[in-house]
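Here are the chains, one letter per residue:
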Amino acid sequence: MRIFGENGVRRILMLTAFSAISALLLIALFILNEGLPFIFRYGVSNFLFTSEWIPAKGLFGIFPMIMSSIWVTLGAMMIGAPLGVAGAIFLTEYAPPAVMKIIKPTIELLASIPSVVYGFIGVMVLAPIIREYFGGPGLSLLAGCIILGIMILPTVISISIDSILAVPRSYREGSLALGATTWQTTHMVTLKAARSGIVASIVLGLGRAIGETMAVIMVAGNSVNIPSSALDSVRTLTANIALEMSYATGMHRQALFATGVVLFIVIIILNSIASTAIRKRKTYK
Amino acid sequence: MANKIEIENFSVYWNAERYLNSISLEVKMNEILGIIGPSGSGKTTFLRSINRMNELETGFKHEGLLSMDGNDIYSPDTDVVLLRKKIGIVFAMPVPLPMSIYENVVYGVRLSGIRNKQKLDELVERSLTEAYLWNEVKDRLNISGLRLSGGQQQRLCLARVLAMEPEVILLDEPTSGLDPISTAKIEDALNELKSKYTIILVTNNTKQAARVADRTGFFLMGDLIEIGDTRKVFTSPVKKETDDYITGRFG
């Protein structure tokens, strides 16, 4: 059965691989082409650092959205990173292997729940609780942080577990044999050796949090303002694009593309940090 | 000489499969006990039973008695962390921890709460000297232990055990991956160390046991075939299997 021959197969596979890369390139070019001219025409600092977003009057300052995105992401990290890393440490160093075999795939399953479902739970369960116990509208920065914190857990836990398991067993044995307790071994040897992988897991979680759209739109309230407390209603960069894209025209539409450019650059930076950290882990051994 | 470690009818099972069959022997104070035998004969399992390293893996079960200074090592009251401080082990594969030479040596001692810099410095020099490594590394104590050669790494692993001032040192084929010069250095170190420590040396190299061990035990398929003074085991062994193994006619 030689329909294509070795060379034919090679060409087809190459075409497939390049189509993935060219899709990325096309998207990047398209966003930059639509967004960059606007940014320069409107002024970089006007666009990034003024707080008036009133498309009808031709005012396009995205500073409130930038601040909201930063706060939502930081808040999500403060919830997701410690929980995720602690969970990974428990599963790798303390739990019996059988428990790990059951729990790890379960956690990874969390990643496949559609974000609209997270948002739905946030609206129906979380927002009323926040409204009741902390005050404010409920749909808020805090709700966004909690929902995103849970959404990044699978990323943080599963990559942290992989990097902790990649630490040679002999390091642990060497430390335990010298009379170290499990916890001493974990934080003096294992975590140090796995550090770059754990950092990568957190940075990838960060990327996921900053790029998340649907769940944030549903739970964060979406009013354009610079949050002064965790109970304020906020609108993130992603939410801004998604909410207004359907009716935007002209300058307004270009301003939304420009918002996309900002997001795109932030996420590229985060991903390169993560991949540098992961590469460091591999050369380490 | 008094017995440091006493072992009676000690058996080990991994997932219900038997790896050691009812071993009985004593280790005398300040002797080097050599353990020889082909791969898979249970030497390492035996050694790692003594400081309870085996139980770090799942499926480990044991029977019988293993005691040091008359205290049951497997008693539920035994503090395993303390036990491992008293019984140091050097593994077959030299694995320094991913930190500097200095930090490797003081690692265990720091955990026991010694923080005094001068005391640690003295300890590093003494342990590395005892392990025949000091002259080679004294000018670069801050480089990573992982950058040393295999032979140096193994002596570093010995030094970090010595720094703990244990009572017993277990060596699991410590020279199996080393060149003859590094091997000789480790053997020299052992000969000097036995005045202070009780040493159990598992080795694949029968000549090494003949060179350094006071007494030698021969393991085969999880059984202790024979144990006695090294000279006697090597010159006039009682069992035919022992004779076959040490003369290389095995198999």
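Details of the structure are given in the entry above.
Cut-offs and rules
- All residue numbers refer to position in the chain's written sequence, counted from 1.
- To label them, take the chains in the order written and letter them from A, then take the ligands in the order written and number them from 1.
- Where local features are concerned, this predicted model is filtered to residues with pLDDT of at least 70; where side-chain atom pairs are given and counted, the filter is 80 or more; whole-chain, interface and lining totals use all residues.
- Neither water nor hydrogens contribute to the side-chain values; these are computed over all heavy atoms in the structure.
- By definition, any uninterrupted DSSP run of H or I lasting at least four residues is a helix, any uninterrupted run of E lasting at least two residues is a strand, and each is numbered from the N terminus.
- Pairs of residues are marked as contacts when any of their non-hydrogen atoms sit within 4.5 Å.
- Residues scored as charged are limited to Lys and Arg (positive) and Asp and Glu (negative), so that His and the chain ends carry no count.
- To locate a charge, take atom NZ for lysine, CZ for arginine, CG for aspartate or CD for glutamate.
- To sort residues, take the accessible area from a 1.4 Å probe on protein chains only and compare it with the maximum for the residue type: under 20% means buried, over 50% means exposed, and anything in between is partly exposed.
- Strands qualify as paired when DSSP identifies two bridges or more between them.
- Note on geometry: axes are lines fitted to C-alpha atoms, helical ones only across the stretch in contact, with angles between N-to-C directions running from 0 to 180 degrees.
- Put simply, a salt bridge is a Lys or Arg side-chain nitrogen that is within 4 Å of an Asp or Glu carboxyl oxygen.

A.B. asks: What exactly am I supposed to notice about the overall build of chain A here?
C.D. replies: Helix and strand content of chain A: 11 helices and two strands. Each helix (α) and strand (β) of chain A, taken in turn from the N terminus, gives the series α-α-β-β-α-α-α-α-α-α-α-α-α. Taking the principal axes of the C-alpha coordinates as reference, chain A spans close to 70 × 65 × 35 Å. Sequence separation of at least 24 residues holds for 72% of the intrachain contacts in chain A that already meet a minimum separation of 6. One finds the centroid of the 20 positive side-chain charges in chain A at a distance of 10 Å from the centroid of its 11 negative side-chain charges.

A.B. asks: What exactly am I supposed to notice about the environment of valine 99 of chain A here?
C.D. replies: Residues and elements named next belong to chain A. Mapped onto the elements of the fold, valine 99 is located in helix α4 (residues 97-110). A residue is classified by how much of its surface remains accessible, and valine 99, at 29% relative accessible area, is partly exposed. It is 40 Å that separates the C-alpha atoms of valine 99 and arginine 235, two residues lying 136 residues apart in sequence.

A.B. asks: Looking at this structure, I do not really get the pairing of strand β4 (residues 60-68) of chain B. What am I missing?
C.D. replies: Looking along a regular strand, one sees the side chains alternate between the two faces of the sheet. Residues and elements named next belong to chain B. For strand β1 (residues 3-14) and β4, the ladder comprises eight bridges, and the chain directions are antiparallel. Pairing of serine 11 across the sheet is with glutamate 63, part of β4. In this sheet, strand β5 (residues 71-72) lies alongside β4 in antiparallel orientation, the contact comprising two bridges. Counterpart to serine 67 in the pairing with β5 is aspartate 72.

A.B. asks: Help me understand the sheet that holds strand β3 (residues 32-36) of chain B in this model?
C.D. replies: The strands that make up a sheet are held in pairs by hydrogen bonds between backbone atoms, and each pair lies either parallel or antiparallel. All names here are of chain B. Overall, mixed pairing links the six strands, which are arranged β6-β7-β8-β3-β9-β10 in an open sheet. The sheet is open, and its two edges are formed by β6 (87-90) and β10 (223-229), each paired on a single side. The sheet shows a mean angle of 15° between the axes of neighbouring strands, direction not considered. Examined bridge by bridge, strand β7 (residues 168-172) and strand β8 (residues 198-202) share five bridges and lie parallel to one another. Considered in β8, the bridge of isoleucine 169 is made with isoleucine 199. Packed on one face of the sheet, helix α6 (residues 150-163) meets β6 and β7 and runs near 175° to β6. Strands β3, β7 and β8 of the sheet are contacted by helix α7 (residues 180-193), whose axis makes an angle of about 150° with β8.

A.B. asks: Can you help me understand the pattern of salt bridges in this one?
C.D. replies: Pairs can form between side chains of opposite charge whenever their charged atoms are close. In total, this model carries 22 salt bridges over all chains according to the counting rule given. The partner of glutamate 31 of chain B in a salt bridge is arginine 215 of chain B, and the shortest N-O contact between them spans 2.9 Å. Placement of the pair is glutamate 31 of chain B in the loop between β2 (17-28) and β3 and arginine 215 of chain B in strand β9 (residues 215-220), with a sequence separation of 184 residues. Residues glutamate 31 of chain B and arginine 215 of chain B agree in their burial class; the two are buried. Several salt bridges share partner residues, and in doing so they unite Arg169 and Glu173 of chain A together with Arg48 and Glu57 of chain B into one network.

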